[in-house]
Every structure is written in structure tokens, then in C-alpha cells.
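# Structural characterization, general
Here's the letter readout for the chains.
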Amino acid sequence: MRPGDEGYFPRGESVLRRVHGAKPVGLLYGQRALLMQATHPLAFAGLIANTAGLEAPFQRLARTAKTMERVYFGSRAEADRVTAAVRGMHARVSGALDERAGPHPAGAAYRADAPEFLLWILACLADSAETVYERLVRRLDDAERERFWADYALLGELFGLDRRDGPADYAEYRAYVAERLASPELHVVAEARELARRVAFEMPLPASRQPGLRVTNFLVVGLLPARVRGLYGIEWDPARQAGFEALARALRATARVTPASMRRGSSAAEYELVARTERERLARAAA
């Protein structure tokens, strides 16, 4: 990065950068966002179109997460290259549902670059990053929340979403998310349910990292909106909620005393570890 080029989200100014620079956000928001995004059958069809589908979900998650970090933390030139490539890919993805999916009839059309789908994908990312940060790091104040959504509106614009097609301010963004989560349009198809099981409970990690995996899984599920857990049929009860609240309080307290070098920065190395472990497992299974 050239000196003075802090990208679209400058250090010390951008709330988006501050939120995504927190390690808990980097490690958890992608799984939560994908589980939310996949509750809309047409958006899910666009997400898995022209890919291996469920064959290697964590490699796709890792690629997406590393791409997003280049936009969050990279120079403007790097962000422009990345987002231009993604916009080009989205322009080529279109199709129609093969069969009925809840309220969506067979033949219902989707386009990955349609504003309504771009907004849903963006809002799920924003809601997930905000939720992880506020539950596990600290609450944002009102001014920070407004700046957070303003940053996300810019992010959406970089990926092809005209600002006129999205919420104008933080209150409208929260109203949009609430309306979508209550919408009868949400429906989980069989493929999305299988994806949820793997993403929420089967993250590929080497043996040395397995002891902490149950905690990660528990956090991902606890951070989901209740409606989304219900759509996937994920069990949750008051005892689990109480355990989640206690763990969240402990993590927030720990965040206040953890050195910045350990609690902030890129999570690209962790993403690559997950992707590499999945590749190795798939290779062994194919041998």
C-alpha cells in the first residue's frame, strides 16, 4: 500500500474497519452471515450457482473472507480490483429455481447482481459483524452506529449496490433487517440445511485446535437470530441461552485486558488454516 493510501476505510476514522479488525468478528461473522444469507432461497441459489455447492464450503468461505479483508483493510486500488472482479462474476450469475422453495414457485428467477439480493447479502454481513462486535467486544454508541452503516453503504456501492437501493441511515438499516427476519419469504431448502449443519458444527481444523471448536460452534449458534435458528431446526433453550450470555460476558471482559496485538488484526491466516484442513481432508477421502 502506498504511503497515505488507507483505502476506502481509513484507520482511526472508519467504524467498519474498527469492527472488522476485531478478532472475534473476523473469526465468527462469516459463518453467521452465510447462515443468514442462505435462508432466502433465491439468494441461496445465487450464492451456490456455478460452484461446487456443498463439496467444499469452508474453502469458499475462506476465499470470500480474504477477499473482503482486502476491501476492508487494503488500498483503494486493491479494493477496486477486487470489487470489479466480483461485480463481473455477479453479472454472469443468473437462473431460476428448479422446484418450489417455500413461497417461491419453481421457475422463480434470480440474478446475483439484482439490487434486492445485493442488499440482503450486504445487510447479513453488516448485521453479523455488528452483532459479534457488540456481543463479544463492546457496544457501539449511536454516532458509531451511524458511521458503521455509512461505511457499509459505501461497501455496498463498491460491490454494485446503488445507494438509492439501500437504507439511507442506521435506523432504516435496522428496520430492513427486522422486516426481512420476519418475512414469510425466508425458507430453508434441503441444501441450505445441510450447509448449515456443516458450517455451524463441522469447521475443519487440525487436531491441535479441536478443543476450542465446540466453543466456536456454540458462539456461532448463539449469535444467530432466533428466527434463523428455528428455520434451520437448530435446538436452543433457556439453559443454552444462559450459557451463551455468561460466555459472552466473559469474552467482553477479557477483551478489555487482552493486548491489542492479540485481539486485533487480519484473520487471513486463520481462514487459510481452515481452508487447508478442508482440502487435506477431501484429498484423504478421495485417495
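On a predicted model such as this, the values are computed, not experimentally measured, just so you know. (Residues numbered from 1 in each chain as written. Predicted model: local features only at pLDDT ≥ 70, side-chain atom pairs only at ≥ 80, totals over all residues. Heavy atoms only, no water.)

### Quick look at helix α8 (residues 170-181)
Under the 1.5 Å per step criterion, the end-to-end length of α8 is 17 Å for 12 residues, consistent within 8% with the ideal 16 Å. Within α8 the residues assigned to the buried category are Tyr170, Tyr173, Tyr176, Val177, Arg180 and Leu181. All buried residues of α8 lie within an arc of 125° about the axis, which places them on one face of the element. In this structure, the buried residues of α8 make contact with α2 (23-37), α6 (115-136), α7 (142-158) and α11 (226-232). (Helix = DSSP H or I, 4+ residues; strand = E, 2+ residues; numbered from the N terminus. Expected span 1.5 Å × (residues − 1). Buried < 20%, exposed > 50% of the residue type's maximum accessible area, 1.4 Å probe, protein only. Arc of directions from axis to C-beta. Contact = heavy atoms within 4.5 Å.)

### Thoughts on the packing of aromatic side chains
Per the counting criterion, the structure on display carries 7 aromatic pairs. Ring geometry for Phe148 and Tyr152: centres 5.1 Å apart, planes at 55°, overall tilted. Of this pair, Phe148 and Tyr152 both sit in helix α7, 4 residues apart, which is roughly one turn of the helix. For Tyr152, a relative accessible area of 0% puts it in the buried group. An aromatic cluster of at least three residues, connected via ring pairs, comprises Phe148, Trp149, Tyr152, Tyr170 and Tyr173. (Phe/Tyr/Trp six-rings, centres within 6.5 Å; stacked < 30°, edge-to-face > 60°.)

### Side note on the pattern of salt bridges
Close approach of charged atoms allows side chains of opposite charge to pair. Counted according to the given criterion, the structure contains 19 salt bridges. We note a salt bridge from Asp127 to Arg174, for which the minimum N-O separation is 2.8 Å. Remark: Arg174 occurs in helix α8 and Asp127 occurs in helix α6; sequence separation between them is 47 residues. Classification of Asp127 by relative accessible area gives buried; the value is 3%. The residue Glu157 makes a salt bridge to Arg163 at a minimum N-O spacing of 3.0 Å. The exposure class of Glu157 is partly exposed, given its relative accessible area of 39%. Judged by relative accessible area, Arg163 falls into the partly exposed class, the value being 41%. Linked by salt bridges that have partners in common, Arg32, Asp127, Glu130 and Arg174 make up one network. (Salt bridge = Lys/Arg side-chain N within 4 Å of Asp/Glu carboxyl O.)

### Remarks on the side chain of Ser267
In this structure, Ser267 sits in the loop between α13 (260-263) and α14 (268-286). Ser267 sits in the buried class, given a relative accessible area of 1%.

### Looking at the side chain of Asp151
By the secondary structure assignment, Asp151 is in helix α7. Buried within the structure, Asp151 lacks any salt-bridge partner; Arg147 is the closest side chain of opposite charge, at an N-O distance of 6.4 Å. Those residues in contact with Asp151 that sit more than four places away from it in its chain are Phe9, Ser14, Val15 and Leu16. (Lys, Arg positive; Asp, Glu negative; His and termini not counted.)

### Focus: the nonpolar core
Side chains that are nonpolar tend, in soluble globular proteins, to be buried together. One finds Tyr29, Tyr152, Leu155 and Tyr232 to be the most contacted residues of the largest nonpolar core, which totals 92 residues. Top element by residues in this core is α6. It accounts for 13 residues. The contact partners of Leu155, leaving out residues within four places of it in the chain, are Phe9, Leu16, Met68, Val71, Tyr72 and Leu122. (Core = buried A, V, L, I, M, F, W, Y, C linked by side-chain atoms within 4.5 Å.)

### With respect to the packing of helix α4 (residues 57-73) against helix α9 (residues 190-201)
Orientation of α4 relative to α9, taken along the N-to-C sense of each, is 70°, at an axis distance of 10 Å. It follows that α4 is roughly perpendicular to α9 by the angle criterion. Contacts between α4 and α9 involve Pro57, Phe58 and Leu61 from the former and Leu195, Arg198 and Val199 from the latter. When the residues that make up the contact of α4 with α9 are grouped by side-chain class, the tally is 5 nonpolar, no polar and 1 charged. (Axes fitted to C-alpha atoms, helices over the stretch in contact; angles between N-to-C directions. Parallel < 35°, antiparallel > 145°, perpendicular 65-115°, else oblique. Nonpolar A, V, L, I, M, F, W, Y, C, P; charged D, E, K, R; others polar.)

### Some remarks on the environment of Arg256
Its location among the elements puts Arg256 in helix α12 (residues 238-257). Spatially, the C-alpha atoms of Arg256 and Arg138 are 9.0 Å apart, while their sequence positions differ by 118 residues.

### A word on helix α5 (residues 76-91)
For α5, spanning 16 residues, the distance from its first C-alpha to its last is 22 Å, which sits close to the expected 22 Å at 1.5 Å a residue. Buried within α5 are the following residues: Ala79, Val82, Thr83, Val86 and His90. Buried positions in α5, seen along its axis, are confined to an arc of 90° and lie on one side of it. Where α5 is buried, its residues meet α4, α6 and α7.

### Details of the environment of Leu27
Residue placement: Leu27 occurs in helix α2. Separated by 196 residues in the primary sequence, Leu27 and Leu223 place their C-alpha atoms 13 Å from one another. Those residues within four positions of Leu27 in sequence are excluded, and the remaining contacts are Ser267 and Glu270.

### A short note on the environment of Arg70
Inspection of the secondary structure assignment puts Arg70 in helix α4. Filtering out sequence-adjacent residues up to four positions away, Arg70 remains in contact with Glu78 and Val82.

Keep in mind these values describe shape, not function.
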